[in-house]
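Each chain, letter by letter, is given below.
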Amino acid sequence: MSKKYIIALDQGTTSSRSVLFDQNGKQIAMEQQEFKQIFPHSGWVEHDPQEILDSQLNTFQNLIKNNNVAIKSIAGIGITNQRETTVVWNKSTGKAIYNAIVWQDKRTASICEDLKNNDLEEYVKKNTGLVIDSYFSGTKIKWILDNVDNARASAEKGELLFGTIDTWLLWNLTNGKVHATDYSNASRTMLFNINTLKWDEKLLKALDIPKNMLAKVHHSSHHFGNFEYKNHQIPIAGIAGDQQAALFGQACFEKGEAKNTYGTGCFLLMNTGTKPQYSKNGLLTTIAWGIDNKVYYALEGSVFIAGAAIQWLRDGLQIIDTAEESETIAKQLTGDNPVYVVPAFAGLGAPYWDMYARGAIFGLTRDTGKEHLVKATLDSLAYQSKDLINAMQEDCNTQLTSLTVDGGASANNVLMQFQADILNCTVNRPKNTESTALGAAYLAGISVGLWKQNDILKTKTIEHTFTPEMENTKREKLYKGWQKAVKRSMNWEDE
Ligand code: ADP
């Protein structure tokens, strides 16, 4: 049999990447290109949609050229993307009418306030699984229609299309033939009803968004269309938002399985099966993916400051030279650490939700050294993750038995061992921690018949398993200390 490949297009917030996987799901090569971050005002973040497309296509072409890949051997393409980021374009010219408004952009806070004042909070939670926030696409579309000359009239005439980044790439790769998205991306717009699996009429009306702008929504593992490249038709056969793709890439296929990504922040997602699970602790309910005519849901929680706290040790306090060094320094600590660092630099998210909390250090004594601070900062990533996991367990009434990890800081063995200890559960670090691209590749490979979901479970290789070693009394004492520290950091800034 001739060799077959799957290519994942991984369109992230700061760079576009194309990743080549062989027919065994092994990563062969990767190309990456950064693009411009545009900050027109304080709190505004934009990308140039054309630059996103060009950078994505460049990495695709370089990947093929540099690895001598025969086009006919590419069985399929999977797309994964920065979520929520919003593009509106003219369907005749193919040109975006405004820059992409990025998920981090805060300009629509007042539109969100209006929605809250119209008593839509409970409705949004029940029907989209989300909280009303400028993070999600809905209010960004409204802003473009309200602020770009002639946009609303044009939208009402059916001349404009909206898409998250997956949709923008798909539409362009198919030469404007396919305007579609997948359930995972649709569920991040705050316009998609996760119960009926349809665009939500009430929210479209509340935000004054014409329905004809919206894409068709399909399962994530699906033949969306073809990319015509050098006289070959390459099936685009998988799409999922980045965090959901990572959950799939980690093969968390069963209810109760969870992954935690330790990047700048942490993203924790737990598969909750084929029914949406709502949170009493401020977590989001989202669609994980659609496959085999079934839709799977997830609970999602995020830690705002995780790896960013390690960057603060390096660049702010300058007590470490590299992020990796945090491991060696933390290892120098002998005995217990009485110090707690609460990195609430930007307030606290789930389950505390206190935007007036600020960072704090507790338990300093005359003999506190930098090793205490470094270890306490690493510990804070594990404690914050435990807070989220506790909330998820309470919401689902289940006990987590193992946690799969990825992201830059998951390379830190001291942190991972402490995570296992403080959770009292096994932490599995897979060989391939690039699970986002892998997830998109899996979704595409399954759709084109190259793989079966069960085969993927067999190929999952764990590089290291961290087993809890801490005594219960110590674990409880440490976690109590953390909770006390968090409490004292709360409500610090005056409202
Ligand atoms: P992102 O995708 O958010 O940019 P990455 O997954 O690339 O993040 O991870 C980078 C983050 O992880 C940085 O914030 C860095 O401080 C942290 N990091 C990287 N390596 C380590 C390490 N060995 N120990 C602790 N933190 C680390």
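See the structure shown above.
Given the structure is predicted, the values throughout are model-derived calculations rather than measurements. (Residues numbered from 1 in each chain as written. Predicted model: local features only at pLDDT ≥ 70, side-chain atom pairs only at ≥ 80, totals over all residues. Heavy atoms only, no water.)

Chemist: Sorry if this is basic, but what is going on with the overall build of the protein here?
Modeler: If you tally the helices and strands in the protein, you get 16 helices and 23 strands. Taken along its principal axes, the extent of the C-alpha atoms in the protein is 70 × 60 × 40 Å. Residue burial in the protein is summarised as follows: out of 495 residues, 59% are buried. The contacts of the protein with a sequence gap of at least 6 include a subset with a gap of at least 24, amounting to 71%. Surface accessibility of the protein: about 21000 Å² in total, with carbon and sulfur atoms responsible for 47%. Each charge class in the protein can be summarised by its mean position, and for the 51 positive and 55 negative side chains these summaries are 5 Å apart. (Helix = DSSP H or I, 4+ residues; strand = E, 2+ residues; numbered from the N terminus. Buried < 20%, exposed > 50% of the residue type's maximum accessible area, 1.4 Å probe, protein only. Contact = heavy atoms within 4.5 Å. Areas by Shrake-Rupley, 256 points an atom, 1.4 Å probe, with all protein chains shown as cover. Lys, Arg positive; Asp, Glu negative; His and termini not counted. Charge placed at Lys NZ, Arg CZ, Asp CG, Glu CD.)

Chemist: What is the right way to look at the sheet that holds strand 15 (residues 258-262) in this model?
Modeler: Sheets are built from strands that pair by backbone hydrogen bonding, the pairs being arranged parallel or antiparallel. Pairing is mixed across the open sheet formed by seven strands, whose spatial order is 17-18-16-15-21-22-23. Each edge of the sheet is formed by a strand with only one pairing partner; in this case those strands are strand 17 (284-291) and strand 23 (462-466). Taking the axes of each pair of neighbouring strands and ignoring which way they run, one obtains an average angle of 25° across the sheet. As paired strands, strand 17 and strand 18 (residues 294-303) are joined by seven bridges and run antiparallel to one another. Pairing of Thr285 across the sheet is with Leu299, part of strand 18. (Pairing = 2+ DSSP bridges. Axes fitted to C-alpha atoms, helices over the stretch in contact; angles between N-to-C directions.)

Chemist: What's the story with the site of the ligand in this structure? I'm lost.
Modeler: Neighbouring the ligand are 13 residues, the closest being Thr264, Gly307, Gln311, Gly408 and Asn412. In the environment of the ligand, an oxygen atom lies 2.8 Å from a nitrogen or oxygen atom belonging to the side chain of Gln311. Within the complex, the protein chains bury 68% of what would otherwise be the 580 Å² of accessible surface of the ligand. By residue number, the principal contributor to the shell around the ligand is helix 10 (residues 307-316), which donates four residues. Here the residues of the shell around the ligand are counted per class, giving four nonpolar, eight polar and one charged. (Near = heavy atom within 4 Å. Polar contact = N/O pair within 3.5 Å; in protein donor to acceptor, adjacent residues only side chain to side chain. Nonpolar A, V, L, I, M, F, W, Y, C, P; charged D, E, K, R; others polar.)

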